[in-house]
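# An overview of the molecular structure
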Amino acid sequence: MSRTRTHSPSPSPRPSKRTKVDHLTPDDFKNGLFLAPMVRSGALPTRLFALKHGATLVWGPEIIDKAILHSTREVDPITGVVSYNGVSRAIFATHPVEKPYLIYQMGSSDPELAVQAAKTVMQDISGIDLNCGCPKPFSTHAGMGAALLTNPDLLCSILIALRKEMPPHITVTAKIRLLPSQEDTLKLVERIVNTGVSALTVHCRTRNMREKDRAVIERLREIVEFVEGMGKGIAVVENGDCKDWEDAKRVREITGAHSVMIARGAESNPSCFSPEPLKDVETSLVPAYLNLSKYLQNHFSLTKFCVGQFKGPRTHVTKAESLALRQTLSQAKDYADMEHLMASSTGEQEFQQILDAIEANPPREHRMLLSEGGSPHAEQDDESVTITPEGTQNPEPPGSGAPFLPNDTGRPLAKIPGHDATTPTPSGSLSLASM
Ligand SMILES: Cc1cc2nc3c(=O)[nH]c(=O)nc-3n(C[C@H](O)[C@H](O)[C@H](O)COP(=O)(O)O)c2cc1C
């Protein structure tokens, strides 16, 4: 791997002084606010920004079992980024700093392949999640994703195999959608909980519902009570239509869910996990995101896609400035085209800020606890830290980092003929709406 840039060689995260982070337990899935799995949008820089701003656990994008099996693991000696590279592209990228909080999501319809895939990545992650909710044909036609909802024997056999073959320190979880009937949903949930999972995420839409359809979160309370009644201490995680930290209170009050998982809210603003999410993302997030993404060698097209999704309230940035940024972005071919926006810091500084923020405020320590009145509040430790650390209201970026192998950063592309098993990519072009 050739590098032209020079950096100080300090990729390893410093261990937290206050938390001994070892491995996840079912309790770590309670009172949390999680970054949902998102192909493309949930790549490495985005996950790091989510952690910086208060996400307590982060899910990686769904990776199909076969895709990771034929990959080669490579560690960047400068940044510490771990890449799983396929024959034609990078399949998955992570960094040791996120390992204590990282749930790897897989798509599978085969217990043996699922176990092999999990073993391939287990040194870099804390938990394995099985995607049982993707309704797209590329997933369901192979029996994966939402197809598993109507094949509970297969679904459970994958979870059982994973639980049996994974070491105890790797959690096994599942993410499902609601079935049309509540009775069928409860039957499925009972079977899943009995496989030994540590938590269950319920996306409160059925397989046929689209994202524009309102999530039916009212159905979750009965499911939560049912799981609690099983007495295994398993967390039920709500997913669907939660916008941010503030909104998570509403969701928890309605559903009683132990935790809440956010997808599109975080895609728009990865600091949505903070009680004080960033405003003016054009200046507070975009430059930092670009810098971090460049430093981590996130493929520019992926960075561009993620930045194109950012939006939020503007206080100081004018509409004209926002439009100008979007225009620049839409025309940019590489990081050099965005360099005039990136002068405020360096990627290395951004990365260091993330390390510092995680160390100062370990994600798994600040949870959303239910107060006596049943209303969630942010847990603060004795040093009274805020979720978004002071002085970091400016440049924060997210980037996402898996699907494409950087070809604009000096990293050589594999030239071996053939292609990798496809990991689902949501359709959608660069959204240049109202940033
Ligand atoms: C861009 C994008 C990619 C997604 N990729 C995945 C995925 O890889 N695995 C998965 O289980 N769900 C995926 N989802 C679904 C989300 O995790 C989530 O279930 C859904 O968006 C509902 O949550 P929300 O209302 O907070 O957006 C994706 C959603 C989006 C918007």
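Note that the structure is a prediction, hence the values are computed from the model and not measured. (Residues numbered from 1 in each chain as written. Predicted model: local features only at pLDDT ≥ 70, side-chain atom pairs only at ≥ 80, totals over all residues.)

### Notes on the packing of helix H11 (residues 286–295) against helix H14 (residues 347–360)
As a reminder of what qualifies: Fitted lines through C-alpha atoms serve as axes, helices being fitted only where they are in contact, and the angles separating the N-to-C directions of these axes extend from 0 to 180 degrees. We count a stretch as a helix when DSSP gives it H or I for four or more residues in a row; a strand needs E for two or more, and each element gets its number in order from the N terminus. Note that the term roughly parallel is reserved for angles under 35 degrees, roughly antiparallel for angles over 145, roughly perpendicular for angles of 65 to 115, and oblique for everything else. We call two residues in contact whenever the C-beta atoms placed from their backbones are within 7 Å. In this count, Pro and Cys sit with the nonpolar residues alongside Ala, Val, Leu, Ile, Met, Phe, Trp and Tyr, while Asp, Glu, Lys and Arg are called charged and the others, Gly among them, polar.
Interhelical geometry of H11 versus H14 gives an angle of 100° and a closest axis separation of 7 Å. In terms of axis orientation, H11 runs roughly perpendicular to H14. For the pair H11 and H14, contact is made by Ala288, Asn291, Leu292, Lys294 and Tyr295 and by Gly347, Glu348, Glu350 and Phe351, respectively. By residue class, the composition of the contact of H11 with H14 is four nonpolar, two polar and three charged.

### Quick notes on the site of the ligand
What counts is decided by this rule: Any residue qualifies as near a molecule or strand once its backbone-derived C-beta atom lies within 6 Å of it.
Taken together, 25 residues form the shell around the ligand, and within it Ala36, Met38, Glu62, Ala263 and Arg264 come nearest. Considering every element that reaches the shell around the ligand, the biggest residue donor is helix H9 (residues 264–268), with three residues. Taken together, the residues that form the shell around the ligand break down as 10 nonpolar, eight polar and seven charged.

### Let's talk about the confidence of the model for the protein chain
Detail in the predicted coordinates should be disregarded across regions flagged by low pLDDT. Selection rule: Confidence per residue, as judged by the predictor, is encoded in pLDDT with a range of 0 to 100.
Across the protein chain, the average pLDDT comes to 84, with 79% of residues at 70 or higher. Low pLDDT, under 50, characterises residues 1–19; the stretch is placed with 25 contacts to residues that sit more than four places away or in other chains.

### Brief notes about the environment of Asp22
As a reminder, the rule being used: Remark: C-beta atoms are placed from the backbone, and a residue is labelled buried if 20 or more other C-beta atoms sit within 10 Å of its own, exposed if 12 or fewer do, or partly exposed between those counts.
By the secondary structure assignment, Asp22 is in the segment before strand E1 (33–35). Overall, the presence of 9 C-beta atoms within 10 Å leaves Asp22 in the exposed class. Between the C-alpha atoms of Asp22 and Pro100, which are 78 residues apart in sequence, the distance is 7.1 Å.

### Remarks on the sheet that holds strand E6 (residues 90–94)
Convention followed: At least two DSSP bridges between two strands are required for those strands to pair.
Strand order in the open sheet formed by three strands is E4-E5-E6, and the pairing between neighbours is antiparallel. At either margin of the open sheet sits one strand with a lone partner, and together these are strand E4 (72–75) and E6. If you compare each strand with its neighbour and ignore which way they point, the axes differ by 20° on average. Judged from the four bridges that link them, strand E5 (residues 82–85) and E6 form a sheet pairing that is antiparallel. Opposite Ser83, over in E6, you have Ala93 as the bridge partner.

### Side note on the packing of helix H5 (residues 152–165) against helix H6 (residues 182–193)
Heads up, the rule is: In a left-handed crossing the near helix is turned counterclockwise from the far helix by less than a right angle, and in a right-handed crossing that turn is clockwise.
Between H5 and H6, the least distance of the axes is 9 Å, while the angle of their chain directions is 25°. In terms of axis orientation, H5 runs roughly parallel to H6. H6 is crossed by H5, and the crossing has right-handed handedness. Facing H5, whose interface residues are Pro152, Cys156 and Leu159, H6 presents Leu188, Arg191 and Ile192. Here the contact of H5 with H6 is composed, by residue class, of five nonpolar, no polar and one charged.

### What to know about unusual backbone geometry
The backbone of Arg40 sits at a positive phi, close to 70°, despite the residue not being glycine. Residue placement: Arg40 occurs in the loop between E1 and helix H1 (44–52). Under the C-beta neighbour-count criterion, Arg40 is labelled buried, with 23 such atoms within 10 Å. Phi angles above zero are rare outside glycine, and Asp280 is one such case at about 50°. Along the chain, the position of Asp280 falls in the loop between H9 and helix H10 (281–284).

### Topic: the pairing of strand E11 (residues 235–239)
Along any regular strand, the residues point their side chains to alternate faces of the sheet. As a reminder of what qualifies: Handedness of a crossover is defined as follows: orient the strands so they point away from the viewer, and if the path from the first strand over the helix to the second runs clockwise, the crossover is right-handed.
Where burial is concerned, most of E11 is hidden: five out of the five residues are buried. Residues Ala235, Val237 and Asn239 of E11 are buried on one face, and the alternating residues Val236 and Glu238, pointing to the opposite face, are buried as well. Where strand E10 (residues 199–206) meets E11, five bridges bridge the pair, whose relative direction is parallel. Note that in E11 the partner of Ala199 across the bridge is Ala235. The parallel pair E10 and E11, bridged by helix H7 (residues 220–230), forms a crossover whose chirality is right-handed. In this structure, E11 lies alongside strand E12 (residues 259–262), joined through three bridges in parallel fashion. Paired with Glu238 across the strands is Val260, a residue of E12. With respect to chirality, the unit in which E11 leads through helix H8 (residues 245–255) into the neighbouring parallel E12 is right-handed.

### Here's the deal with H6
Test applied: Expected span of a helix, by definition, is 1.5 Å for each gap between consecutive residues, and there is one gap fewer than residues. Throughout, the arc means that of the directions going from the helix axis to the C-beta atoms.
With 12 residues, H6 extends 16 Å from end C-alpha to end C-alpha; this agrees with the ideal 16 Å at 1.5 Å per step. Within H6, burial applies to Thr185, Leu188, Val189, Ile192 and Val193. All buried residues of H6 project into a common sector of 130° when viewed along the axis, lining one side. Tucked into the core, H6 has its buried residues touching H5, strand E9 (171–178), E10 and H7.

### Considering the environment of Ala118
Within the fold, Ala118 resides in helix H3 (residues 111–121). Measuring from C-alpha to C-alpha, the distance between Ala118 and Ile68 comes to 8.9 Å, with 50 residues separating the pair along the chain. Once residues lying within four places of it in the same chain are set aside, the contact partners of Ala118 are Met106, Ile128, Leu162 and Met166.

### Re the nonpolar core
Where we set the bar: As used here, a nonpolar core is made of buried Ala, Val, Leu, Ile, Met, Phe, Trp, Tyr and Cys residues. They are joined through C-beta atoms within 7 Å.
One finds Phe34, Val58, Leu200, Val237 and Ile262 to be the most contacted residues of the largest nonpolar core, which totals 114 residues. The greatest single-element share of this core, amounting to six residues, is contributed by H11. With sequence-adjacent residues up to four places away left out, Leu200 is seen in contact with Thr173, Ala174, Ile176, Val189, Ile192, Val193, Val227, Ile234, Val236 and Val237.

### Considerations on the environment of Glu321
By the element assignment, Glu321 lies in helix H13 (residues 319–331). In this structure, the C-alpha to C-alpha distance between Glu321 and Glu282, residues 39 residues apart in sequence, is 8.5 Å.

### Observations regarding H1
Extensive coverage of H1 is indicated by the burial of nine of its nine residues. A positive backbone phi angle near 115° is found at Gly54, which sits one or two residues after H1.

### Observations regarding the pairing of E5
In this structure, E4 lies alongside E5, joined through four bridges in antiparallel fashion. Across the sheet, residue Glu74 finds its bridge partner in E5, namely Ser83. Between the end of E4 and the start of E5, which pair antiparallel, lie six residues, with Gly80 showing a positive phi angle near 85°. Remark: four residues form the turn of the hairpin made by E5 and E6, two consecutive strands paired antiparallel.

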